[in-house]
Amino acid sequence: VTSEGSKIREYAAKDGTVFAVAWEGRMPDLHVLLASHYAEYQQATQRHANRRVLSISTPGLVMSAMKLPRGFVGSAHVPALLPAGTSPEGLR
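The model shown is predicted, which means the values in this text are computed figures rather than measured ones. (Residues numbered from 1 in each chain as written. Predicted model: local features only at pLDDT ≥ 70, side-chain atom pairs only at ≥ 80, totals over all residues. Heavy atoms only, no water.)

## Quick notes on the overall build of the chain
- Check the secondary structure of the chain and you find two helices and five strands.
- The helix and strand sequence of the chain, counted from the amino end, reads β-β-α-α-β-β-β.
- What you see for the chain is a C-alpha radius of gyration of 13 Å, in line with the 12 Å of a compact globule of 92 residues.
- A burial count over the chain gives 30% of its 92 residues as buried.
- Look at the contacts in the chain between residues 6 or more apart in sequence, and 35% of them connect residues 24 or more apart.
- Carbon and sulfur atoms form 52% of the exposed surface of the chain, whose accessible area is close to 6100 Å².
- Averaging the coordinates of the 10 positive side-chain charges in the chain and doing the same for the 7 negative ones gives two points 10 Å apart. (Helix = DSSP H or I, 4+ residues; strand = E, 2+ residues; numbered from the N terminus. Rg over C-alpha atoms; globule rule 2.2 N^0.38 Å. Buried < 20%, exposed > 50% of the residue type's maximum accessible area, 1.4 Å probe, protein only. Contact = heavy atoms within 4.5 Å. Areas by Shrake-Rupley, 256 points an atom, 1.4 Å probe, with all protein chains shown as cover. Lys, Arg positive; Asp, Glu negative; His and termini not counted. Charge placed at Lys NZ, Arg CZ, Asp CG, Glu CD.)

Listed below in structure tokens is the structure:
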């Protein structure tokens, strides 16, 4: 939980590799959360016109975010890093 009250969750494999993040509350610093995948996020959002709902799916990053009356809710994961048996739908 951040100082502003937002909840941020990281999902990591047994070896410590973070393969997904999820958040609710204030929009987090996506540059920090997405790290090396931030450039891919920026490129994908250049073609996205909707400011309330974001849904992108590229080979290296799957992300969804929604603006709600009291903040944001969203998640992102790297498909190639999902551990076997892990469902992206459970990453909320």
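## Observations concerning the pairing of strand β5 (residues 71–77)
- Within β5, five of the seven residues are buried, which leaves the element mostly enclosed by the surrounding structure.
- As defined by bridge partners, strand β2 (residues 18–25) adjoins β5 across six bridges and the pair is classed as antiparallel. The residue of β5 that forms the bridge with Ala20 is His77.
- Taken together, the seven bridges between strand β4 (residues 62–68) and β5 define a ladder with antiparallel strand orientation. Each residue of the ladder has a partner; that of Lys67, found in β5, is Phe72.
- What sits between β4 and β5 in their antiparallel hairpin is a turn of two residues. (Pairing = 2+ DSSP bridges.)

## A word on unusual backbone geometry
- Unusually for a residue other than glycine, Ala35 sits at a positive phi of about 50°.
- Looking at the element boundaries, Ala35 is found in the loop between α1 (30–34) and α2 (38–45).

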